[in-house]
Amino acid sequence: MKRISDFNFSGKKALIRVDFNVPQNEEGEVTDTTRILAAKPTIDKVIQDGGSVILMTHLGRPKGQKNEKYSLKAIVSTVAEVLGKEVQFASDCIGEVAEQAVSNLKGGDILLLENLRFYNEEEAGNEDFAKKLAQLGDVYINDAFGTAHRKHASTAVVAEYFPEDKMFGFLMEKELDAIDKVLHNGEKPVTAVIGGAKVSSKITIIENILPVVDNIIIGGGMSFTFIKAQGGKIGTSLVEEDKQELALQILESAKKHNVKVYLPVDVKGVGEFSNDAEITIYNSNEIPDDKMGLDCGPKTSEIFDEVIKSSKTILWNGPLGVFEMSNFAVGTINLGNSIAEANKQGAFSLVGGGDSVAFAKQYGYDSKVSYVSTGGGAMLESLEGRELPGVAAIKA
Ligand code: AMP
């Protein structure tokens, strides 16, 4: 497999799949440039070598129709600003318009193609469409981790037309390295924190990581299914009644794998789902019938802190409480602080998947952990042990 750092792009046209599916305001202005910035190292490398860059991405869900609302034209100036270079635009991603724009490219030029999802063929993984995209470049780079779990024309199928000259971009490499460090090469002890609302959405992740972790911290709403399954009284806390058997099986399997499982020992209990509700701390298995646990309590935070600080590798996925309400964000904040501290002491920490990424950014932990994943679904599927089509296509 070729590596981008070893490749010389001089005189080459690099077709790069990026994930510029950026958030926009009503006026179409980009409100968060993280994804553009994340692709910059890859783009810079091609330019510095004297190659030219053809960027392809999707934006929103235009569902196979040309639609001004989702035109990438609106983001060209922001892309240029973030990259610090002029960016040309082609009003179509295939066909004459795109081919013409590409033929005019000189070394150092950057071209952004119009939204790939203006064609149904993109998401369908259509061979012919992929071939048309492939004709535009001499070499293919996939740097779109956020869509790597999809077998789309631009994320996977197109790679078939570059049997030799295909590779990951720097962002993809970093994402895959981070996952690898946690799942395969993590310095021990390895601790996974799995939180969030439901056991059912995290079950495959838990099953996949049990053989590779030393500790697993289970927090948030999903912990109550485990606590109830073991005979605890959880009041009106969130529970998946039909997943109790599964919870017991997980605990049994953890024992077999010699994995220590940590559940909250105390919770912040309230009578109603409100930030202003009066809070009482209860043991997590002795919650009164009319109370629900919305966050972990202080004793739990202390125990989790010890586990985290004695870990050398940490994976964090999911909040430990209803962090959207400030009074129930405390347990998750405490956890973030523990992970930041462990990180300072040399541990490797990866934050991945949906809510925990948003949380880490909101509270400034993104600069205090080793790596924050840019791909929600792709990260979750990786942690579930599935091979991502976008990754398999490059490795093939
Ligand atoms: P997930 O999408 O599965 O990662 O779950 C995230 C959601 O879980 C967030 O919206 C949290 O508010 C919610 N959550 C976390 N802890 C609790 C809890 N104790 N009770 C109800 N919801 C919770």
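Residues numbered from 1 in each chain as written. Predicted model: local features only at pLDDT ≥ 70, side-chain atom pairs only at ≥ 80, totals over all residues. Heavy atoms only, no water.

Asker: If you had to explain the domain arrangement of the protein chain to someone new, which residues and values would you point to?
Answerer: By the assigned domains, the protein chain splits into domain 1 (4–168) and domain 2 (176–383). Taken over C-alpha atoms, the centre of domain 1 sits 36 Å from the centre of domain 2. Taken together, the contacts link eight residues of domain 1 with 11 residues of domain 2. In total, about 680 Å² of surface goes out of reach between domain 1 and domain 2, with carbon and sulfur atoms giving 69% of it. On the surface where domain 1 and domain 2 come into contact, there are zero salt bridges. Our count for the contact surface shared by domain 1 and domain 2 stands at zero residue pairs in polar contact (both at pLDDT 80 or more). Each residue belonging to the side of domain 1 that touches domain 2 can be placed in one class, and the counts come to two nonpolar, three polar and three charged. (Domains from an automatic or database assignment. Contact = heavy atoms within 4.5 Å. Buried area = accessible area lost by both parts, 1.4 Å probe. Salt bridge = Lys/Arg side-chain N within 4 Å of Asp/Glu carboxyl O. Polar contact = N/O pair within 3.5 Å; in protein donor to acceptor, adjacent residues only side chain to side chain. Nonpolar A, V, L, I, M, F, W, Y, C, P; charged D, E, K, R; others polar.)

Asker: Tell me what's going on with the packing of aromatic side chains, and back it up with residues and numbers.
Answerer: Pairs of aromatic rings are described using the distance from one ring centre to the other and the angle between the two planes. Under the definition given, this model contains seven aromatic pairs. Ring geometry for phenylalanine 323 and phenylalanine 359: centres 5.5 Å apart, planes at 85 degrees, overall edge-to-face. With phenylalanine 323 in the loop between β15 (313–317) and α11 (330–344) and phenylalanine 359 in helix α12 (residues 354–362), this pair connects stretches of sequence that are 36 residues apart. Classification of phenylalanine 323 as buried rests on a relative accessible area of 8%. On the basis of relative accessible area, phenylalanine 359 is assigned to the buried category, the value being 0%. Through successive ring pairs, a cluster of aromatic residues spans Trp316, Phe323, Phe359, Tyr363 and Tyr365. (Phe/Tyr/Trp six-rings, centres within 6.5 Å; stacked < 30°, edge-to-face > 60°. Helix = DSSP H or I, 4+ residues; strand = E, 2+ residues; numbered from the N terminus. Buried < 20%, exposed > 50% of the residue type's maximum accessible area, 1.4 Å probe, protein only.)

Asker: Talk me through the pattern of salt bridges; I want residue IDs and the actual numbers.
Answerer: All told, the structure shown has 19 salt bridges when counted by the stated rule. Of the charged contacts in the structure, one is a salt bridge between lysine 228 and glutamate 241, with a shortest N-O distance of 3.0 Å. Taken together, the residues lysine 228 in helix α8 (residues 223–229) and glutamate 241 in the loop between β9 (233–234) and α9 (244–256) connect sequence positions 13 residues apart. The exposure class of lysine 228 is partly exposed, given its relative accessible area of 29%.

Asker: Go over the site of the ligand, please, and point to the residues and values.
Answerer: The environment of the ligand is made up of 16 residues, and the closest members are Ala197, Gly221, Gly293, Glu324 and Asp355. Glycine 221 is positioned such that a nitrogen or oxygen atom in its backbone is 3.0 Å from a nitrogen atom of the ligand. Expressed as a share of its isolated accessible area of 500 Å², the protein-covered part of the ligand is 80%. Classifying every residue of the shell around the ligand by side-chain character gives seven nonpolar, six polar and three charged. (Near = heavy atom within 4 Å. Areas by Shrake-Rupley, 256 points an atom, 1.4 Å probe, with all protein chains shown as cover.)

Asker: Explain the sheet that holds strand β6 (residues 166–168) residue by residue, including any values.
Answerer: The strands that make up a sheet pair up through hydrogen bonds in the backbone, lying either parallel or antiparallel. Here six strands make up an open sheet; going across it, the order is β3-β4-β2-β1-β5-β6 and the pairing parallel. Of all strands in the sheet, those bounded by a partner on one side alone are β3 (88–90) and β6. Direction aside, neighbouring strands of the sheet carry axes that sit 25 degrees apart on average. (Pairing = 2+ DSSP bridges. Axes fitted to C-alpha atoms, helices over the stretch in contact; angles between N-to-C directions.)

Asker: Lay out unusual backbone geometry with the relevant residues and their values.
Answerer: It is generally the case that most residues other than glycine have a negative phi and that most peptide bonds are trans. With an omega dihedral of -5 degrees, the bond running from lysine 188 to proline 189 counts as a cis peptide bond. Here the phi dihedral of lysine 63 falls at roughly 55 degrees; this positive angle occurs in a residue that is not glycine. Here lysine 63 shows up in the loop between β2 (52–56) and α2 (76–83). Classification of lysine 63 by relative accessible area gives exposed; the value is 62%. Of note in this structure, asparagine 258 is not a glycine but carries a positive phi near 60 degrees.

Asker: Run through the pairing of strand β1 (residues 13–17), naming residues and quoting values.
Answerer: The element β1 is largely enclosed, with a buried count of five among its five residues. Burial along β1 is two-sided: the residues Lys13, Leu15 and Arg17 and Ala14 and Ile16 are all buried. Sheet topology places β1 next to β2; five bridges connect them, and they run parallel. Residue pairing for β2: alanine 14 is matched across the bridge by valine 53.

Asker: Please provide a residue-by-residue account of the packing of helix α1 (residues 34–49) against α2, values included.
Answerer: At their nearest, the axes of α1 and α2 sit 10 Å apart, and the two run at 60 degrees to each other. In terms of their interaxial angle, α1 and α2 are classed as oblique. Judged by the sense of rotation from one axis to the other, the crossing of α1 with α2 is right-handed. Mapping the contact onto sequence places Ile36, Leu37, Lys40 and Ile43 in α1 and Thr78, Val79, Val82 and Leu83 in α2. Classifying every residue of the contact of α1 with α2 by side-chain character gives six nonpolar, one polar and one charged. (Parallel < 35°, antiparallel > 145°, perpendicular 65-115°, else oblique. Left-handed = near helix turned anticlockwise from the far one by under 90°.)

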